[in-house]
Amino acid sequence: MAKEEKIATGIKGLDQLTGGGFEKNSAVLVAGSGGSGKSIFGTQFLMEGIKNHSETGIYISFEEVKDRFFKHMFVFGWDLKDVEEQGRFIFLKYSPERIAKIVKERSKEIENSIKEVEAKRIVIDSLSAYTSLFESESEKRKMLVALFDMIKEWDCTTVVVAEEDQSPNKPFSSVMGFMADAIVLMYNEREPKGLRFRAVEVYKMRGTKHESKICSMKITEHGIDVYPDAVVL
């Protein structure tokens, strides 16, 4: 069996945990609570493709305001306005309701935008806003399956962000992870002394022998750094 092609995430230290990066054209769920660094993670992933692989990246947001998002990411040295003007970064704002309609109607609206710019990496932020539309677990699962089926038709490596409280001491359990090829959990925990620490875990990665440990991570002036040798738990 041929070895699956991997793509670098651009997140220092993370590829050491994943056996070389994310599988090409896979769907990766990145889940964590507020302040854990999920949006930074997604942007850093896109900027790796833009800066080092001459790719075009697309950020699909359900909630974020474009100008504010650009301002926040500029703090890390990512001039999204500049790469947008170069045609290498696209920010798309959709309401969760519109995405649900696109999924139900099997519309090619997003796929056409992807093909137009030949995008290779996509971030969707946040899946939680999408799933909140559905009252029953069966409807939620049905619409998640439909969404991930659509994502896989795009032939892009896609990071899907989810706002979910995570704890290193509790097993991950979410209908969101059902269709994902990989799951990365991000933690923003408080120590007994009251200090906060951040950590990351590669919880699932189909077809890849990955490290199953929770490692320290920091949000620096350049983005996220993961420390594979600094095991938290």
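Residues numbered from 1 in each chain as written. Predicted model: local features only at pLDDT ≥ 70, side-chain atom pairs only at ≥ 80, totals over all residues. Heavy atoms only, no water.

Attention now moves to the side chain of Ser36. Along the chain, Ser36 falls in the loop between strand 3 (27–32) and helix 2 (38–52). For Ser36, a relative accessible area of 0% corresponds to the buried category. At 2.7 Å, the side chain of Ser36 and the backbone oxygen of Ser33 are in polar contact. Here Ser36 is in contact with Met186, Tyr187, Asn188, Arg198, Met217 and Ile219, once residues within four sequence places are set aside. (Helix = DSSP H or I, 4+ residues; strand = E, 2+ residues; numbered from the N terminus. Buried < 20%, exposed > 50% of the residue type's maximum accessible area, 1.4 Å probe, protein only. Polar contact = N/O pair within 3.5 Å; in protein donor to acceptor, adjacent residues only side chain to side chain. Contact = heavy atoms within 4.5 Å.)

Further remarks concern the sheet that holds strand 10 (residues 214–220). Within the open sheet, the nine strands sit side by side as 5-4-6-7-3-8-9-10-11. Their pairing is mixed. The open sheet is flanked by strand 5 (89–93) and strand 11 (223–231), the only strands paired with a single partner. Pairwise comparison of adjacent strand axes, ignoring direction, gives a mean angle of 25 degrees for this sheet. Here six bridges tie strand 10 to strand 11, and the two strands are oriented antiparallel to one another. Its bridge partner being in strand 11, Ser216 is matched across the sheet by Tyr227. (Pairing = 2+ DSSP bridges. Axes fitted to C-alpha atoms, helices over the stretch in contact; angles between N-to-C directions.)

A few words now on helix 2. Between its first and last C-alpha atoms helix 2 spans 21 Å; for 15 residues at 1.5 Å apiece the expected length is 21 Å, and the two agree. With respect to burial, helix 2 is a largely interior element, twelve of its 15 residues being buried. With its phi angle positive at about 55 degrees, Ser54 sits one or two positions after the end of helix 2. (Expected span 1.5 Å × (residues − 1).)

Look at helix 5 (residues 96–105) against helix 8 (residues 137–153): their axes get within 9 Å of each other, and the N-to-C directions meet at 75 degrees. Regarding the angle of helix 5 to helix 8, the classification is roughly perpendicular. Listed contacts from helix 8 to Ile99, Ala100, Ile102, Val103 and Lys104 of helix 5 are Met143, Ala146, Leu147 and Met150. Here the residues of the contact of helix 5 with helix 8 are counted per class, giving eight nonpolar, no polar and one charged. (Parallel < 35°, antiparallel > 145°, perpendicular 65-115°, else oblique. Nonpolar A, V, L, I, M, F, W, Y, C, P; charged D, E, K, R; others polar.)

By size, the foremost hydrophobic cluster in this structure holds 40 residues, and its most contacted members are Ile60, Leu127, Tyr130, Phe148 and Trp154. No other element matches helix 8, which puts seven residues into this core. Leaving out residues up to four positions away in the same chain, Leu127 has contacts with Leu29, Leu144, Leu147, Phe148, Val160, Val161, Ala162 and Met176. Listed in part, the 36 residues of the second largest apolar core include Leu17, Phe41, Phe76 and Ile224. (Core = buried A, V, L, I, M, F, W, Y, C linked by side-chain atoms within 4.5 Å.)

All right, on to the packing of aromatic side chains then. Geometry of an aromatic ring pair is reported as the spacing of the ring centres plus the angle between the planes. For the coordinates displayed, the defined rule picks out ten aromatic pairs. Consider the rings of Phe76 and Trp78, whose centres lie 5.3 Å apart with planes at 35 degrees: the pair is tilted. Each member of the pair Phe76 and Trp78 is classed as buried. With a centroid separation of 5.2 Å and an interplanar angle of 80 degrees, the aromatic rings of Tyr130 and Phe134 are classed as edge-to-face. This pair shows no difference in class: Tyr130 is buried, exactly as Phe134 is. An aromatic cluster is built from Tyr59, Phe69, Phe70, Phe89 and Phe91, whose rings are joined through pairwise contacts. For the cation-ring pair, Arg121 lies above Phe45, with the distance from its terminal atom to the ring centre recorded as 4.7 Å. (Phe/Tyr/Trp six-rings, centres within 6.5 Å; stacked < 30°, edge-to-face > 60°. Lys NZ or Arg CZ within 6 Å of the ring centre and 35° of its normal.)

Let us now look at the pairing of strand 10. Of the pairings in the sheet, the one linking strand 9 (residues 196–205) to strand 10 comprises four bridges and is antiparallel in character. When the sheet's bridge partners are listed, Val200 is paired in strand 10 with Cys215. Linkage of strand 10 to strand 11, two consecutive antiparallel strands, is achieved through a turn of two residues.

Moving on to the pattern of salt bridges. Under the defined criterion, the tally for this structure stands at twelve salt bridges. Glu55 serves as the salt-bridge partner of Arg121, at 2.8 Å between the closest nitrogen and oxygen. Pair noted here: Arg121 is in strand 6 (residues 121–125) and Glu55 is in the loop between helix 2 and strand 4 (57–61), with a separation of 66 residues, a long-range link. Accessibility assignment for this pair places Arg121 and Glu55 in one class, buried. (Salt bridge = Lys/Arg side-chain N within 4 Å of Asp/Glu carboxyl O.)

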